[in-house]
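One-letter residues, chain by chain:
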Amino acid sequence: MSPTQETAPATAGERSTPAPRLTPDGKGVIVPGRWRKLALVGGSLFADNNETSLLSVLAAVILPALGIGTAALGQLVAAGKAIAVVFGPFWAFVARRTNRKKTFVLTSVAAGLATIATGFAQGYGTLLLGYGVTAAFVAASLPLISEITSDLFDERSRGRASGYTWGGVALLGAVAGPLIGQLANVEDGWRYGFYLWGGIMVILALAVWLFFEDPGVGASEAASTSMTAEQRAVNDTLTWAKVRQMFTIPTFVLMLVQRLVSGHLLIASFGVIFLVQTYGFTTAVAAVVTLPFGLGFLGGTLVGGAVTDLLHVRFPRWGRIAVLQFAQLAFGAVAIVATQHDWGGIGVFAAFWAVLGLLQGFNPGVNRPIVAAVVPPEMRGAAYALMLSVFEAFAYAAFNLLAGYLGEAYGLGVVMLWLPGILMLVNGLFVTALYVTYPRDAIRLEDTLRDRARSTPGTL
């Protein structure tokens, strides 16, 4: 049976769809309806991940309203990320053992309801409880969508797919940020923000339930087209032995460490309150920077994803690494210049935030494809859970907690100098090690997938 005649496996309750066809070079697979499917899960990713933005944009209003100090912002974000360390891998495991689509939908609905409940918070304890419960369910979205994206798109197009996904998230967030900031001018407006956001999360989750079809694990790999259902099941099964095997892949281990020294996410969580406390802007005015930051991020995902794919095709052994290193070094340098001087009006800060968003936007389109290029398909869900929901979340939690305490003791200007600034320069230098490990690990995976195809009846 040829690849174009085969029918793709469907989970219970989902329609069977025509099998994907091979790309012209025969190295990947074009999954039918892949952009439509990506748009569906991408919408839920926007809603799930911008609940944190709601807290960050309105922190200067929420904290005084509940009688709590600046350090609480760091504690809340840190608590959410610490919870993700546990629940990210948990949901990835549950999804693999049960059904990815059902897991994604149920966790998104639960996160929406918890977000609505957070709007009723009466003090630090209830705010922390609502935010923590939300974080436990939101933790499912990052690893699941990252894995699904790798299954929808082949090696040559994963950079653009990840870039477009996060670009869309950034665009919607850019528009929502200033609008959220205006809630600071409404009595108890921040509560309405939580109610609205939770409702959006539930609606988008229902859209996924109604219209999304899971492509299946490894659907974009050429080897998958010639495998029987039994052979797919063997490869798709996630075991502890396979999880341990991931830690024998040098590039993956280095990517985990690289996420531990990524302080750039503090611009999103502390950027607005930094401008309020350090340079005297009001919350509504400071929130304006979220629009250029989001638009810059959108540009970064589009340009970064396209450039990453082009460089990968031209220089497959180091093109992606060069993009990642450039993004880290440039971000650190711009962050120092942007935050360590009073540039006067909000317009100049907005311009700097646009550049920071642009550089940060390079990351999704390059780090996900790097992992997908060295980790076998059946392990990618667990790999993304470890990288994004454990290591990145742990680092983000630690940095936010540290930022809150250092901000109260020394001022947020010092925080911005060291974490988004100097630490990101160190991050960029660390990436140099990937030039050695990535080519070897990518070739090793290519050989593994080729051997699987050759040992399977059928032709490629």
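Here is what the cut-offs are and how they apply
Residues numbered from 1 in each chain as written. Predicted model: local features only at pLDDT ≥ 70, side-chain atom pairs only at ≥ 80, totals over all residues. Heavy atoms only, no water. Helix = DSSP H or I, 4+ residues; strand = E, 2+ residues; numbered from the N terminus. Buried < 20%, exposed > 50% of the residue type's maximum accessible area, 1.4 Å probe, protein only. Contact = heavy atoms within 4.5 Å. Expected span 1.5 Å × (residues − 1). Axes fitted to C-alpha atoms, helices over the stretch in contact; angles between N-to-C directions. Parallel < 35°, antiparallel > 145°, perpendicular 65-115°, else oblique. Left-handed = near helix turned anticlockwise from the far one by under 90°. Nonpolar A, V, L, I, M, F, W, Y, C, P; charged D, E, K, R; others polar. Salt bridge = Lys/Arg side-chain N within 4 Å of Asp/Glu carboxyl O. Phe/Tyr/Trp six-rings, centres within 6.5 Å; stacked < 30°, edge-to-face > 60°. pLDDT = per-residue confidence, 0-100. Patch = residues over 30% accessible without salt bridge, like charges linked within 9 Å, V, L, I, M, F, W, Y side chains within 5 Å. Areas by Shrake-Rupley, 256 points an atom, 1.4 Å probe, with all protein chains shown as cover.

1. Re the overall build of the protein chain
For step 1, the next point in the chain: A tally of helices and strands in the protein chain yields 21 helices and 2 strands.
For step 2, the next point in the chain: The buried share of the protein chain, taken over its 460 residues, is 60%.
For step 3, the next point in the chain: Long-range pairs, those at least 24 residues apart, make up 84% of the contacts in the protein chain between residues at least 6 apart in sequence.

2. Digging into helix α16 (residues 319-339)
For step 1, the next point in the chain: With 21 residues, α16 should reach 30 Å at 1.5 Å per residue; the first-to-last C-alpha distance of 31 Å fits that figure.
For step 2, the next point in the chain: In terms of burial, α16 is a largely internal element, 15 of the 21 residues being buried.

3. Some words on the packing of helix α18 (residues 364-374) against helix α19 (residues 380-410)
For step 1, the next point in the chain: Axis separation between α18 and α19 bottoms out at 10 Å; the angle between their running directions is 135°. With respect to each other, α18 and α19 are oriented oblique. Crossing of α18 over α19 shows right-handed handedness. On α19, the residues touching Asn367, Arg368, Val371 and Ala372 of α18 are Arg380, Ala383, Tyr384, Met387 and Leu388.
For step 2, the next point in the chain: For the contact of α18 with α19, a count of residues per class yields 6 nonpolar, 1 polar and 2 charged.

4. A short note on the pattern of salt bridges
For step 1, the next point in the chain: Counted under the stated rule, the structure contains 11 salt bridges.
For step 2, the next point in the chain: In this structure, the salt-bridge partner of arginine 160 is aspartate 309, at a minimum N-O distance of 3.0 Å. Here the residue arginine 160 occupies a position in helix α8 (residues 158-182), and aspartate 309 occupies one in helix α15 (residues 290-314), the gap between them amounting to 149 residues.
For step 3, the next point in the chain: Under the relative-accessibility criterion, arginine 160 is labelled partly exposed at 31%.

5. Concerning the side chain of arginine 158
For step 1, the next point in the chain: Counting through the fold element by element, arginine 158 comes out in helix α8.
For step 2, the next point in the chain: With a relative accessible area of 3%, arginine 158 lands in the buried category.

6. With respect to the environment of threonine 251
For step 1, the next point in the chain: For threonine 251, the position within the fold is in helix α12 (residues 250-260).
For step 2, the next point in the chain: On the basis of relative accessibility, which here comes to 0%, the residue threonine 251 falls in the buried class.
For step 3, the next point in the chain: Sequence separation between threonine 251 and tyrosine 435 is 184 residues, and the spatial gap between their C-alpha atoms is 9.3 Å.
For step 4, the next point in the chain: Apart from the residues lying within four places of it in its own chain, the contact partners of threonine 251 are Ile370, Val374, Leu434, Thr437, Tyr438 and Asp441.

7. Concerning the packing of aromatic side chains
For step 1, the next point in the chain: All told, the structure shown has 17 aromatic pairs when counted by the stated rule.
For step 2, the next point in the chain: Plain terms: the ring middles of tyrosine 192 and tyrosine 195 are 6.1 Å apart, the flat faces sit at 75° to each other, and that makes the pair edge-to-face. Within this pair, tyrosine 192 and its partner tyrosine 195 are both found in helix α9 (residues 189-211), separated by 3 residues, close to a single helical turn.
For step 3, the next point in the chain: Looking at tyrosine 192, the relative accessible area reads 47%, which means it is partly exposed.

8. A closer look at the confidence of the model for the protein chain
For step 1, the next point in the chain: Residues of the protein chain with pLDDT of at least 70 account for 87%, and the chain-wide mean is 84.
For step 2, the next point in the chain: The least confident element of the protein chain, judged by mean pLDDT, is helix α10 (residues 229-236) at 52; the most confident is α16 at 97.

9. Overview of unusual backbone geometry
For step 1, the next point in the chain: The phi torsion at aspartate 188 lies on the positive side, around 55°, for a residue other than glycine.
For step 2, the next point in the chain: Relative to the elements of secondary structure, aspartate 188 occurs in the loop between α8 and α9.

10. With respect to a nonpolar patch on the surface
For step 1, the next point in the chain: A cluster of nonpolar side chains, Trp35, Tyr164, Leu302, Val303 and Val307, forms an exposed patch at the surface whose accessible area comes to about 400 Å².
For step 2, the next point in the chain: Here the element with the most residues in the nonpolar patch is α15; it accounts for 3 residues.
For step 3, the next point in the chain: Looking at the element boundaries, tyrosine 164 is found in helix α8.

11. Details of the side chain of threonine 283
For step 1, the next point in the chain: Mapped onto the secondary structure, threonine 283 falls in helix α14 (residues 283-286).
For step 2, the next point in the chain: What makes threonine 283 buried here is its relative accessible area of 10%.
For step 3, the next point in the chain: In this view, threonine 283 contacts Val57, Ala60, Val61, Ala184, Val272 and Val276; residues no more than four positions away in its chain are not counted.

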